[in-house]
Amino acid sequence: AQKITQTQPGMFVQEKEAVTLDCTYDTSDPSYGLFWYKQPSSGEMIFLIYQGSYDQQNATEGRYSLNFQKARKSANLVISASQLGDSAMYFCAMREGWTDKLIFGTGTRLQVFP
Amino acid sequence: GAVVSQHPSRVICKSGTSVKIECRSLDFQATTMFWYRQFPKKSLMLMATSNEGSKATYEQGVEKDKFLINHASLTLSTLTVTSAHPEDSSFYICSASKEQGGNTIYFGEGSWLTVV
């Protein structure tokens, strides 16, 4: 069965520092996609970054990068130069095959302090 | 700007009544949309796949008669919580993508349902 694991319930980081949020996954399907979303207290799910299973290079989107280690089945999110506005819940999610259904991890609450 | 819109953002209803939540794709057509439920401080759990022009596909353990899903057009899916009870109080959120299997799946703003 497909599964997403986020082992960090909470993380603290100082403003302007980088932080890594961990995500491991398990699937037997060779085709899959990995997503990271940010969820502020308002509840909306903000798409951050995507990595496809066949992508050769790690995805990057501005201050966000995804450290994709396929053999280890990990897809960690790296946020560089943290900002106070980055404080939120962060969810790792995996697409099942080529559908758009997502399986979510339990999330990591990131708090950025001055 | 938002590409998937959800309404209402917050709703309070009395026990025993029904409440409808709408999910719209704003600038694209979506043959499938997805409905998730999120309990406080928990993760998102997929409830069902909304299929345009056909019946929704429900995940195991989700009562289809309780959570009615209608996808009458390519831009609108609705979730109706029937005969609501306090335990139905939750955050409901929908998603859609412009291209199946693509690299971006968009979510609506979510709807907070409180049943009193």
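In the block above lies the structure referred to throughout.
Cut-offs and rules
Residues numbered from 1 in each chain as written. Chains lettered and ligands numbered in written order. Predicted model: local features only at pLDDT ≥ 70, side-chain atom pairs only at ≥ 80, totals over all residues. Heavy atoms only, no water. Contact = heavy atoms within 4.5 Å. Buried area = accessible area lost by both parts, 1.4 Å probe. Salt bridge = Lys/Arg side-chain N within 4 Å of Asp/Glu carboxyl O. Polar contact = N/O pair within 3.5 Å; in protein donor to acceptor, adjacent residues only side chain to side chain. Helix = DSSP H or I, 4+ residues; strand = E, 2+ residues; numbered from the N terminus. Nonpolar A, V, L, I, M, F, W, Y, C, P; charged D, E, K, R; others polar. Pairing = 2+ DSSP bridges. Axes fitted to C-alpha atoms, helices over the stretch in contact; angles between N-to-C directions. Buried < 20%, exposed > 50% of the residue type's maximum accessible area, 1.4 Å probe, protein only.

(A) Structural detail: the interface of chain B and chain A. Counting residues at the interface gives 23 residues for chain B and 20 residues for chain A. Taken together, both faces of the contact between chain B and chain A bury some 1700 Å²; the carbon and sulfur share is 58%. Contact with chain A buries surface across chain B, with Gly101, Ile105 and Phe107 of chain B losing the most and accounting together for 29% of the total. The interface formed by chain B and chain A holds 1 salt bridge in total. Between Lys101 of chain A and Glu59 of chain B there is a salt bridge, with its nearest N and O atoms 3.6 Å apart. Here chain B is connected to chain A by 6 residue pairs in polar contact (both at pLDDT 80 or more). When contributions to the side of chain B that touches chain A are tallied by element, the ones reaching two or more residues are β4 (32-38), β5 (44-51) and β9 (90-96) of chain B. Partitioning the side of chain B that touches chain A into residue classes produces 9 nonpolar, 10 polar and 4 charged.

(B) View of the sheet that holds strand β8 (residues 76-81) of chain B. Residue and element names in this part refer to chain B. With antiparallel pairing, the 4 strands of this open sheet are ordered in space as β1-β3-β8-β7. On the outer flanks of this sheet lie β1 (4-7) and β7 (67-73), each paired with one strand and no other. Mean inter-strand twist for the sheet, computed between neighbouring axes without regard to direction, equals 15°. Of the strand pairs in this sheet, β1 and strand β3 (residues 19-25) are connected by 4 bridges, and their pairing is antiparallel. Pairing of Val4 across the sheet is with Ser25, part of β3.

(C) Representation of the pairing of strand β10 (residues 88-95) of chain A. Residues and elements named next belong to chain A. Counting buried positions along β10 yields 8 of 8 residues, so the element is predominantly enclosed. Taken together, the 7 bridges between strand β5 (residues 33-39) and β10 define a ladder with antiparallel strand orientation. Opposite Gly33, over in β10, you have Arg95 as the bridge partner. Of the strand pairs in this sheet, β10 and strand β11 (residues 102-104) are connected by 3 bridges, and their pairing is antiparallel. For Arg95, the partnering residue across the bridge sits in β11 and is Leu102. Following β10, the chain reverses through 6 residues before pairing antiparallel with β11; Gly97 in that reversal takes a positive phi of roughly 55°.

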